[in-house]
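Coordinate inspection notes
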Amino acid sequence: MVQRLQASIKDAAARKQALRLRGSGTKDFYGQRLEGELLDTRYYAGIVAYEPTELVVTARCGTPLAELEELVAGKGQMLAFEPPHFGAEATLGGCLAAGISGPRRASAGAVRDFVLGVKIINGRGEMLTFGGQVMKNVAGYDLPRLMVGALGTLGLIAEASIKVLPRPVAEATLRFEMPEDKAIETMNRWSGRPLPISATCWCDGELSVRLSGARAAVAAAREQLGGIVIDDGAEFWHSLREQFHPYFLGDVPSWRLSVPSTTPPLMLPGQQLIEWGGAQRWVRTAAEAYTLRDAARAAGGHATLYRAPEKTGEVFSPLSAPLMKLHRRLKLAFDPDGIFNPGRMYADL
Amino acid sequence: MGTPEFAAERDFSRIDREELLSELAEVLPRDALLRDEEDLRPYECDGLTACRRLPLAVALPESEDQVRAILRICASLGVPVVARGAGTGLSGGAMPHQDGVLLSLAKFKKIIRIDPVARIAVVQPGVRNLAISEAVAAHGLYYAPDPSSQIACTIGGNVAENAGGVHCLKYGLTVHNLLRVRALTIEGEVLEIGGHALDAPGYDLLALMTGSEGMLAVITEITVKLTPKPITARVVLAAFDSVEKAGNAVASIIAAGIIPAGLEMMDKPATRAVEPFVNAGYPLDAEAILLAESDGTPEEVEEDIARIRQVMEASGAGEIRVSRDEAERLRFWSGRKAAFPAAGRISPDYYCMDGTIPRRHLAEMLTAIAAMEKKYELRCCNVFHAGDGNLHPLILYDANQAGELERAEQFGAEILELSVKLGGTVTGEHGVGIEKINQMCAQFSEQELTLFHRVKAAFDQEGLLNPGKAIPTLNRCVEYGRKHVHGGQAPFPDLPRF
């Protein structure tokens with residue numbers, strides 16, 4: 001099975017034919033242009049190993065994310081980075097290649113933080129193993145994490161071992177009426193205290209805070225923070241994670257600004273929604289790219305054109321010249337013929 | 001075999017030392033360039049004292065401009081550069097190159113900025129790990145990764161090695177607690193990697209830099225994440241009459257959905273070694289003890305401790321003690337933290353291993369180690385980051401006894417190769433350095449090593465940063481493979497076995 005993937009890649013390399021690595025395509029909207037012959041990874045699927053007491057699950061790239069999450073939920077565990085699926089068919093491979101994390105990002109970590117090891121196929125069709133199934137591993141460069149978020153431009157992630165965590169025993173969502181500046185200040189202040197906060201969101205004059213952890217800890221924090229406890233908390237966070245919350249609907253381009261959490265309200269045209277304790281700011285606007293990029297850069301962050309009916313120009317913030325040079329050399333090291341997802345991340349990568 | 005560009009260990013012996021020294025003297029103050037043997041001597045090794053070498057010179061720059069100037073000189077003359085923090089590393093990562101410059105970042109010890117609201121600290125690489133936590137303590141914050149050497153080791157070294165610590169099961173390794181590094185390439189180009197947002201565009205070079213053992217670039221500034229200090233912490237000490245039971249207790253704690261702040265195991269030889277040293281009150285007849293810590297709010301800790309206790313009882317623990325106050329908590333930990341110095345007290349020398357295995361193979365590993373003790377006629381104490389499968393066997397030997405060092409090295413190599421066979425790794429947190437470079441040949445294929453070399457070349461085309469470390473050349477692996485017969489005849493056929 002994996003030989004079939006390797007053969008496809010070797011064949012494409014021999015023909016210098018670009019390949020478009022793809023699971024179910026739920027993240028086709030993300031990144032720059034889609035180019036090349038389709039290499040559908042979904043047939044390379046299945047759980048390879050799951051050791052709940054070792055906190056590790058290993059699965060092939062085509063494994064549906066939903067299947068993986070259901071499996072670990074059966075043992076009271078979870079993928080703590082809450083990856084958005086953006087469709088029922090989303091695969092593990094796509095989740096890792098896109099590297100998009102959900103509401104728990106600020107408190108639990110990003111996709112890459114939970115990747116322990118990978119088997120990849122490089123541009124020569126070689127199957128290579130880096131990292132492993134153990135929590136700590138510093139043998140060799142950290143290539144497993146380098147693969148995460150590389151949008152398939154470095155190689156095909158054929159299999160991955162992911163750290164899982166226990167699901168919190170208790171959870172509660174609190175809501176507060178609050179203007180944007182005060183919400184940003186509050187999120188940062190609370191994040192600096194030992195509180196069991198697992199997600200935050202400000203939208204439309206309301207701050208929502210999710211508490212997760214031991215029963216006693218959640219109860220104590222509820223008491224301490226006040227606010228109104230809402231009943232449909234789980235549904236609310238799910239709507240943010242999967243972006244079916246009304247804020248995300250419609251055709252207006254959606255920009256994602258990743259900035260230091262303490263960045264004051266961004267004076268930008270369009271509706272905003274804030275997540276990750278202030279570190280992730282969504283902006284719905286048809287404004288020119290430079291408006292968003294300048295604002296993000298001034299704050300010490302970067303801006304991504306996340307979803308848009310039409311994408312022209314670079315989707316991701318341009319890199320400094322030394323970093324771009326490194327990116328090109330790394331790309332060449334993994335994929336000497338430049339066959340993997342060319343242009344998906346940057347036009348000339 | 002192999003690609004010609006990586007065919008041999010590089011030979012740098014034709015470097016003109018006088019030319020190098022005179023160029024360096026132009027960019028460094030007099031006292032920042034060491035060249036006499038007596039001044040070089042303190043830099044001949046790091047924490048891996050068995051491997052020593054004198055560098056051509058030691059440079060002690062105090063500004064990024066000076067580092068850049070040094071790197072440019074070395075790049076133009078083709079001179080190897082080895083970066084060094086406090087030199088506490090255990091794998092020889094900072095062992096000098098005999099034809100190179102040792103670049104000490106010891107003078108980079110400024111804490112540049114603390115932002116308690118954003119929970120970050122911007123620091124220079126020579127700042128000590130513990131100094132960060134001390135500097136931010138007043139804000140109720142700390143820097144979470146806590147390697148045992150945290151009082152001395154520097155954050156720059158921590159980044160180079162992706163250091164762990166006792167609390168990394170819950171709080172992560174260095175890689176999970178960094179936001180940004182600023183580094184210089186061997187050509188002197190500035191790389192701003194990561195940033196003060198939670199992510200950065202492009203490839204995750206921050207992860208790649210972390211644990212790269214000074215092979216890719218020289219770090220000049222680091223931004224770390226700070227964590228709110230838990231209000232309270234308590235630790236459970238449980239004694240077991242077998243290592244298997246203790247191992248099963250660890251698995252049961254995790255299965256019960258508990259992630260302790262720290263989860264450590266020590267075997268009987270280890271507790272017996274440390275007890276006279278620190279009087280921690282460990283039960284000395286137990287085959288293994290477990291230390292499990294919970295931290296957080298008082299309510300949370302109480303809930304956790306009760307559950308941990310229950311699981312320990314159900315797993316067949318004999319004696320169970322829960323720390324009643326902070327002094328007792330620290331005393332319970334003191335033995336674990338003192339394991340290395342205690343080993344140094346009961347034996348003239350010791351060799352600390354760092355293999356990591358899937359925890360379910362623990363008993364198998366410890367049984368194998370017991371057999372190796374007989375095979376190599378050396379004693380071994382085992383301390384273990386049980387929560388994450390990271391094993392630190394301390395092999396006791398006496399370098400003054402002919403053959404003991406070699407036997408200790410063979411003993412260690414066998415443990416590491418068994419770690420790989422059991423699905424683990426040769427190094428969990430100490431790094432490959434020079435120490436485990438041969439065992440890398442057992443863990444990685446030729447194609448995998450080749451990709452590592454290509455990644456290195458993307459940063460450092462001429463291969464001048466820390467040459468000969470971390471990633472073995474393919475030639476070295478061929479040679480090692482010839483000398484070392486896997487699974488066949490043992491290296492010391494005349495030694496009594498088992």
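See above for the structure.
As a starting point, this report considers the structure included with it. (Residues numbered from 1 in each chain as written. Chains lettered and ligands numbered in written order. Predicted model: local features only at pLDDT ≥ 70, side-chain atom pairs only at ≥ 80, totals over all residues. Heavy atoms only, no water.)

Considerations on the overall build of chain A
Let me state the cut-off plainly: The helix count covers DSSP runs of H or I at least four residues long, the strand count covers runs of E at least two residues long, and both are numbered beginning at the N terminus. Here the radius of gyration uses the C-alpha set of atoms, whereas the globule reference equals 2.2 Å times the residue count to the power 0.38. Note on classification: 1.4 Å probe, protein chains only; a residue is buried when its accessible area is under 20% of the maximum for its type, exposed when over 50%, partly exposed between these limits. Contacts are assigned to residue pairs with any non-hydrogen atoms lying within 4.5 Å of each other. All accessible areas in this document rest on Shrake-Rupley with a 1.4 Å probe, and a residue is counted as covered only by the protein chains that are shown. When charges are counted, Lys and Arg are positive and Asp and Glu negative, with His and the chain ends excluded. By convention, the point assigned to a charge is CZ for Arg, NZ for Lys, CD for Glu and CG for Asp.
Helix and strand counts for chain A come out as ten helices and 17 strands. Here the C-alpha atoms of chain A give a radius of gyration of 20 Å, agreeing with the 20 Å that 2.2 N^0.38 yields for 349 residues. With the principal axes as the frame, chain A shows a C-alpha extent of 65 × 50 × 35 Å. Looking at chain A as a whole, 63% of its 349 residues are labelled buried. For chain A, the proportion of contacts with a sequence separation of at least 24, taken over those separated by at least 6, is 67%. As presented, chain A carries roughly 12500 Å² of accessible surface, and 52% of it is formed by carbon and sulfur atoms. Taken as two groups, the 40 positive and 37 negative side-chain charges of chain A have centres that lie 6 Å from each other.

What to know about the nonpolar core
Under the convention used in this document: Buried Ala, Val, Leu, Ile, Met, Phe, Trp, Tyr and Cys residues form a nonpolar core when they are joined through side-chain atoms within 4.5 Å.
Ranked by size, the top nonpolar core spans 174 residues in total, and within it A:Leu143, A:Ile162, A:Leu257, A:Phe334, B:Leu208 and B:Met312 carry the most contacts. For this core, the element with the most residues is helix 13 (residues 362–376) of chain B, which contributes seven residues. Apart from the residues lying within four places of it in its own chain, the contact partners of A:Ile162 are A:Leu55, A:Val56, A:Val57, A:Leu79, A:Phe81, A:Leu92, A:Leu96, A:Phe114, A:Val115 and A:Leu116. In this structure, B:Ala32, B:Leu33, B:Leu56 and B:Leu60 belong to the second largest nonpolar core, which totals 34 residues.

Regarding the interface of chain B and chain A
A common way to state how big an interface is: give the accessible area lost once the parts meet. To keep things clear, this is the line we draw: Computed with a 1.4 Å rolling probe, the buried area is the accessible surface lost when two parts are put together, summed over both parts. Any carboxyl oxygen of Asp or Glu that lies within 4 Å of a side-chain nitrogen of Lys or Arg is treated as forming a salt bridge with it. In the analysis that follows, any N or O atom pair within 3.5 Å is treated as a polar contact, provided that within protein one partner can donate a hydrogen and the other can accept it, and provided that, for residues neighboring in sequence, both atoms belong to side chains. Think of it as three bins: nonpolar holds Ala, Val, Leu, Ile, Met, Phe, Trp, Tyr, Cys and Pro, charged holds Asp, Glu, Lys and Arg, and polar takes everything else, Gly as well.
Across the boundary between the two partners, chain B contributes 85 residues, which contact 72 residues of chain A. With both sides pooled, the region where chain B packs onto chain A buries about 6400 Å², and carbon together with sulfur makes up 61% of that total. If you sort the residues of chain B by the area they bury against chain A, B:Leu198, B:Tyr203 and B:Leu451 come out on top, with a joint share of 13%. On inspection of chain B and its partner chain A, the count reaches seven salt bridges. A salt bridge links A:Glu54 to B:Arg360; the shortest N-O distance between them is 3.4 Å. Put simply, chain B and chain A have 27 residue pairs in polar contact (both at pLDDT 80 or more) between them. Considering every element that reaches the side of chain B that touches chain A, the biggest residue donor is helix 16 (residues 446–459) of chain B, with nine residues. For the side of chain B that touches chain A, the residue count by class is 41 nonpolar, 23 polar and 21 charged.

Side note on the pattern of salt bridges
Across all of its chains, the model carries 49 salt bridges over all chains by this definition. Where A:Arg112 meets A:Asp113, a salt bridge forms, and the shortest distance between an N and an O atom there is 2.9 Å. In this structure A:Arg112 comes out as buried when scored by relative accessible area, which is 11%. The buried category is assigned to A:Asp113, whose relative accessible area is 9%. For A:Arg189, the salt bridge is made with A:Glu185, and the minimal N-O distance between the two is 2.8 Å. Linking A:Arg189 with A:Glu185, this pair stays in helix 6 (residues 180–191), spanning four residues, or about one helical turn. On the basis of relative accessibility, which here comes to 38%, the residue A:Glu185 falls in the partly exposed class. Members of the salt-bridge network, linked through shared partners, are B:Glu64, B:Asp65, B:Arg68, B:Arg180, B:Arg182, B:Glu192 and B:Glu221.

Here's the deal with the environment of A:Val252
Residue and element names in this part refer to chain A. Relative to the helices and strands, Val 252 is located in the loop between helix 8 (233–241) and strand 14 (254–258). With relative accessibility at 42%, the residue Val 252 sits in the partly exposed group. Leaving out residues up to four positions away in the same chain, Val 252 has contacts with Arg 284, Thr 285 and Ala 286.

Comments concerning unusual backbone geometry
Within the chain, A:Leu55 stands out as a residue other than glycine whose phi angle is a positive 60°. Take A:Leu55: its relative accessible area is 0%, and that puts it in the buried class. Positive phi, normally seen in glycine, also occurs at B:Asn279, with a value near 50°. Its location among the elements puts B:Asn279 in the loop between helix 9 (268–278) and strand 14 (288–296). According to the relative accessible area criterion, B:Asn279 is exposed, its value standing at 54%.

Re the side chain of A:His245
Inspection of the secondary structure puts A:His245 in the loop between helix 8 and strand 14. Among the residues examined, A:His245 registers a relative accessible area of 13% and is labelled buried.

Focus on the sheet that holds strand 17 (residues 302–307) of chain A
Residues and elements named next belong to chain A. Threshold: DSSP calls a pair of strands paired once it identifies at least 2 bridges connecting them. Axes, fitted as lines to C-alpha atoms, cover a helix only where it is in contact. Angles between the N-to-C directions of the axes lie from 0 to 180 degrees.
Within the open sheet, the eight strands sit side by side as 13-10-12-11-15-16-14-17. Their pairing is antiparallel. Every interior strand has two partners, whereas the edge strands, strand 13 (228–230) and strand 17, have only one. Strand-to-strand, the axes of this sheet are offset by a mean angle of 25°, without reference to chain direction. Where strand 11 (residues 197–203) meets strand 12 (residues 206–213), six bridges bridge the pair, whose relative direction is antiparallel. Paired with Ile 197 across the two strands is Leu 211, which belongs to strand 12.

As for the packing of helix 8 (residues 243–255) of chain B against helix 10 (residues 298–314) of chain B
All names here are of chain B. What counts here: Angles are sorted into four bins: roughly parallel if under 35 degrees, roughly antiparallel if over 145, roughly perpendicular if 65 to 115, and oblique for all others. In a left-handed crossing the near helix is turned counterclockwise from the far helix by less than a right angle, and in a right-handed crossing that turn is clockwise.
Put simply, helix 8 and helix 10 touch, their axes get as near as 9 Å, and they point 140° apart. The angle between the axes of helix 8 and helix 10 places the two elements in the oblique class. Once helix 8 is placed against helix 10, the crossing between them reads as right-handed. Across the interface between the two elements, Ala 249, Ser 252 and Ile 253 from helix 8 touch Ile 308, Val 311 and Met 312 from helix 10. Here the contact of helix 8 with helix 10 is composed, by residue class, of five nonpolar, one polar and no charged.

A closer look at the sheet that holds strand 1 (residues 33–34) of chain B
Residues and elements named next belong to chain B. With mixed pairing, four strands are arranged side by side in an open sheet as 1-2-4-3. Every other strand in the sheet has two partners, leaving strand 1 and strand 3 (81–84) as the edge strands with one partner each. Pairing geometry for strand 3 and strand 4 (residues 101–104), over four bridges, is parallel. Looking across to strand 4, one finds that Arg 84 is bridged to Ser 104. Against the sheet, helix 3 (residues 64–77) touches strand 2 (57–59), strand 3 and strand 4, its axis set at about 165° to strand 4.

Quick word on the environment of A:Ala214
Counting through the fold element by element, A:Ala214 comes out in the loop between strand 12 and helix 7 (215–225). Given a relative accessible area of 11%, A:Ala214 falls into the buried group. Distance in space between the C-alpha atoms of A:Ala214 and A:Pro196 is 8.6 Å, their sequence separation being 18 residues. Residues contacting A:Ala214, with those up to four places away along its chain left out, are A:Ala170, B:Glu300 and B:Glu303.

A short note on the pairing of strand 4 (residues 56–60) of chain A
Residues and elements named next belong to chain A. In terms of residue burial, strand 4 counts as a mostly covered element, since four of its five residues are buried. Bridge analysis of strand 3 (residues 47–51) against strand 4 gives four bridges, and the strand direction is antiparallel. Within strand 4, the position partnered with Ile 47 by the bridge is Ala 59. Two successive antiparallel strands, strand 3 and strand 4, enclose a turn made up of four residues, where Leu 55 displays a positive phi of approximately 60°. As paired strands, strand 4 and strand 8 (residues 156–163) are joined by five bridges and run antiparallel to one another. Its bridge partner lying in strand 8, Val 56 is registered against Lys 163.

On their own, these measurements won't tell you what the molecule is for.
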